[in-house]
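For reference, the chains in residue letters:
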Amino acid sequence: MPYFSRWKTIIVWLAVLLSIVVALPNAVSNSTLESLPSWVPKRQMMLGLDLQGGSQITLKIERDDVIKTRLQATIDAVGAKLRAADIGYSGLSGTGQEIQLRLRDPAQANAALAALKSLADPVKAGGLTKNPVSEVMIGTAADGMITLDMTNEGIDYRVSTMIESAIAVLQQRLTELDALQPKLRRQGADRIVVQIPGRYDPEQVKYILSQAGALSFRSIDMSMAVQDAVNGQPPVNSEILYSADDPPIGYLVRRQPILTNADIVDAQAAINAQSGNPVVNLRLGPEGTARFAKATADSAGTTVAIVLDGAVIATPLVRKAITDGTVQLAADMSTEGAGDLALLLRAGALPTPLTVVEERSIGAGRGADSIHSIMMAGAIGAILVVLFMLAFYGLFGAIASLAVALNVVMIIAVLSATGLSLTLPGIAGIVLTIGMAVDSNVLIYERIREEVKHGRSLREALDYGFSRAFAAIVDANITTLIAAIILLFLGTGAVRGFAVTLAIGIVTTLFTAYTLTRVMLEVWLRRRQPTELPDGIRTGIFDGAAFRFMAIRNYVFSLTTLLSVVSMLLFGALGINLGIDFSGGSVIELKAREGNADIDDITGRLYELNIGDVTVKPFGSPQDVVVRVHSRDGGENAEQTSVILIRGELEDTYEFRRVEVVGPTISGDLTKAATIGVLASLLAIIVYIWFRFEWQFAAGAIVATLHDVLLTIGLFVVTGMEFNLTSIAALLTIVGYSLNDTVVVYDRVRENLKRYPRMPLPILIDTSINQTLSRTVLTGATTMLALAALCIFGGEAVQPFAFVMLFGVAVGTFSSIYVAGPVLILFKLRHGTEKTGGPTLSARGAR
C-alpha cells in the first residue's frame, strides 16, 4: 500500500472530527446546547414539514386577472388623458387585450395619438425580462377609430412585477401571523411557494395568503337606480358591485374611492361595546383623515359602501363628519374573521388575488409518529447490516461498520451546515445509503482477498485492492448520483428531500469507503504488522463458485422478455393508478378523535356533499383512514372547495393529520417534470456508460435498465399501488442501483477480456459473474435488509416506497446477471475494440 503521509492522515481525521462537531448539536437537548463552548457550532438540522408539521402552499397569479386589471386601468388612463386634452370620444371599451374608441372629430386623430403616446412608451422591465418593453401598441383608422392592444410582453412584465410585490406583502403577512421561520420563494414566472412550519390552521393560512385584501370606501351613486344600471349602461365614473349575501345585493358605486389601503396606518380587531359584535378599528394617515373628513361632511345622512376585494361588505350610514382619523369597520364577520381582516389591512394589499394551486399540510402529531417509525426502522436496518458485515468480515466488517456510521454522521453534518431540510423520504434515503454504502467496502475487500489468493503480500494486496476497486466504485456510484441530481432539480418537496440525502450520501460514501477505510487499514497495518488477512473473513465460501449462468440464458432471457411484454400490455390495457401528483385532486389522512374510524359513515357523509368521486380506505391503525377526492371540473377553486366542505363535515370527529391538494395546473406541470426527469436521467446515465465502456456494454446496460423499469411498472399495475412523485424517486433509484450492479459485472468482464483473450465469451461472462458473486450477494443482502426494515417498521408513509425499492433491488440484481450478460453475447462482444485493444475474439458459436 502506498505510503499515506502523516498530513494526509491528519486531514482525513480532521474532516471526521469536524463532521462530528457540526453534527453534535443534533444529539443534545437545547438546554445542553446553550451550555456548550462558544466555538461549538449551534446550528441544528432543519426538519422538513412532513416531520415537524406545517404547510406548504403554492400560489399563482392568474394571467387573466392581470389582463382584466390592466384592461380597466388602461381604459381609465385613456379616458383621463383624452379628457385632459379636451378630445371628445365615444364607445371606449375593451375586450381581452384590445381597447377601442371612436373620436367624435376624426381630425383630432393626431392630437389623440399625442395625448396617448405616453401609454405606449417602453418601460424598463425587471424580473424575468431585461429589455424595455412596450405595454401598449396604438393604431388608428381613417374614420376616427383608435385601437390599443396590450402586448404579451407588457403582461409578462406586469406579472413579474406583481410577483415581486406579492412576495413582499406575503412576507409582511406571515410576520403579522407570528409564523416561525417561514420560507417564500419564487417558482417560475407566476408562482410563489410558501412553507410555514408549525401548527397553524391551513384554511386560515390559505385565506391570509391568497386574499388581495384591497379595501376601499366608496360613495354610492344615487343618480340612477341599480336595476336601471344593470339593464342599461351605468354612468362612466360608476360601476355595479355586489354584496356576498345570498342572493347578492347590487350597488351602484363611484369608481373613485374615498379611502384605500394606502390611507390606513393601523388596524386592530376589537369588540363593539354596544352591540358586542366583532369590529375592526382603523386609524388613518393625515391625508386620509382630511379626505375622509371632507367626504363624510359632504355625504352626512347618506350611506357609503365599504368594498373588500370587489365585494360590498357593509353600507354604514354617515351621521356626521368624521374628523379624528379613526373609523370603526363593522361588518358581518366572526371574531376570527375580524382578526384576519385586521392582519390583511396592516400588512397591505396584494396587487392581485392569488390562487392556491397546491397545498400540502401535515399535522405535528403525524410528523412525530413518522419520525418514531422510521427511526426505529433505521436503527433495526443499521443493526442488521452491522451484524451481517461482522458475520462475513470480522475485523474488516467492524471497520466497514464504523465507516458507515461516520458516513451517517457526515450526512447529518452537511445537512446541518447547509440548512437543507431532512424530510421523511430523506430519512429513507439515509437508510438506503446505509445499505448501499457497504457495497464500496465489499468491492475493496473482495479485491484484497483476490490479490492475497494470487500470492501478493498483504500490503501489496491492499494497494492493488484499493486501486483496482476505485474505478468500479466511481462508475457504480456516479450512475446513482446522476439520478439523484436530476431528482434534485426537477423534484419537489419530499422527493427533493430524498434526492438531497441520497446525493450527499453518495459523496460521503466515496470518502468514507475509499479514504477513511484506507486510513483505518493503514493504522492497523502499521500497528499490528500482520502478514495475512485477519480471521473472521468468511466470504471464501463463494471462491469455488462455478455456476453456469449463461448455460440457461436463452430460457431465462425469454422469460424476462415475456414478463416485460406482459407488463407493457397490462399497462396499456389497465393503466396505472396515478396519484394526485399527476392526476390532480385531494388526499386527506384522518384519525378518529375517539374510537375507531367508521369508513361507511365517512363515505356516506361525503357522498352527501356532492364533491364527485370519493374513495375512503383504511390507513395503518383502525383509527386512521385516507380519503381520496378525485379531480373535479372547475379548476383550482373546485379542489379547494372540496377540502373546505370535508373539513366542515368531519373536523369535529376526526383529526386532519395530512392534507394534500393538487390542482390541474400543478398536476400537469408535475407530469411534465417527472417525464423530463426520467428521460433526462436515463439519457445522462446512458451517455456516461457509453463513454466509459464499449457500445455493447452500453447497449446491455440500457436493455437491463429497461427490463427493470418495465417490471417495476408492471408491479404498480398488478398491485394497484398509487404512482406518485415518490414512485418516480424509487424508479430512478432502482435505475441507479441496477446500473451499479451491472457496471461492477461489466468492469470485471472488461478486465477478463484483456486477461483471457481466447476464452469463449459465455464462459468468460460466467467467470466474471462468479468472481463478483460475493459482492453481488453481500451488497444485495445488506441493501435488502435495510429496505426490509423500512417495509416492516417504517410506517405507512414510507412502506410503499420501501416495498417498490425492495422489489427493484431484487430485480436489478437479477438483471445484472441474466439480462446484462446475455445481451453481450447477443451483440457479439469482441476483444480488440478501440478502448480495450489486444487480439479479437468473436462470440460466434457461443451458445
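Each value, and the rule that gives it
- Residues numbered from 1 in each chain as written.
- Predicted model: local features only at pLDDT ≥ 70, side-chain atom pairs only at ≥ 80, totals over all residues.
- Heavy atoms only, no water.
- Phe/Tyr/Trp six-rings, centres within 6.5 Å; stacked < 30°, edge-to-face > 60°.
- Helix = DSSP H or I, 4+ residues; strand = E, 2+ residues; numbered from the N terminus.
- Buried < 20%, exposed > 50% of the residue type's maximum accessible area, 1.4 Å probe, protein only.
- Lys NZ or Arg CZ within 6 Å of the ring centre and 35° of its normal.
- Pairing = 2+ DSSP bridges.
- Axes fitted to C-alpha atoms, helices over the stretch in contact; angles between N-to-C directions.
- Contact = heavy atoms within 4.5 Å.
- Polar contact = N/O pair within 3.5 Å; in protein donor to acceptor, adjacent residues only side chain to side chain.

Engineer: Would you mind going over the packing of aromatic side chains with me for this structure?
Structural biologist: For any pair of aromatic rings, the description consists of the separation of the ring centres together with the inter-plane angle of the planes. Enumeration over the complete set of coordinates arrives at 13 aromatic pairs. Residues Phe547 and Phe549 carry aromatic rings whose centres are separated by 5.7 Å and whose planes lie at 55° to one another, so their mutual orientation is tilted. Residues Phe549 and Tyr818 carry aromatic rings whose centres are separated by 5.9 Å and whose planes lie at 75° to one another, so their mutual orientation is edge-to-face. With Phe549 in the loop between α15 (493-528) and α16 (553-574) and Tyr818 in helix α25 (residues 799-818), this pair connects stretches of sequence that are 269 residues apart. Overall, the relative accessible area of 13% leaves Tyr818 in the buried class. Through pairs of rings, three or more aromatic residues link up here, namely Tyr393, Phe396, Tyr445 and Trp524. The ring of Tyr464 carries the charged tip of Arg456 above its face, separated from the ring centre by 3.7 Å. The ring centre of Phe466 lies 5.4 Å from the NZ or CZ of Arg518, which sits over that ring.

Engineer: How do you make sense of the sheet that holds strand β20 (residues 585-592) when you look at a structure like this?
Structural biologist: In a beta sheet, neighbouring strands pair by backbone hydrogen bonds and run either parallel or antiparallel. Across the sheet, which stays open at both edges, the eight strands sit in the order β7-β8-β2-β18-β23-β20-β22-β21 with antiparallel pairing between neighbours. At either end of the open sheet lies a strand with only one pairing partner, and these are β7 (183-187) and β21 (614-619). Strand-to-strand twist across the sheet, computed as the mean angle between neighbouring axes with direction ignored, equals 20°. Taken together, the seven bridges between strand β2 (residues 54-61) and strand β8 (residues 191-197) define a ladder with antiparallel strand orientation. In the sheet register, Lys60 faces β8, and the bridge partner there is Arg191. In the packing of helix α18 (residues 599-607) onto the sheet, the strands contacted are β20, β21, β22 (621-630) and β23 (654-662), and the crossing angle to β21 comes to about 160°.

Engineer: Sorry if this is basic, but what is going on with the environment of Asp624 here?
Structural biologist: Note that Asp624 resides in strand β22. In this structure Asp624 comes out as buried when scored by relative accessible area, which is 10%. For the pair Asp624 and Ala592, spaced 32 residues apart in the sequence, the C-alpha separation amounts to 6.5 Å. Leave out the neighbours within four places in its chain, and Asp624 touches Leu590, Lys591, Pro618, Phe619 and Arg657. Of the polar contacts made by the side chain of Asp624, one reaches the side chain of Ser621; its length is 2.7 Å.

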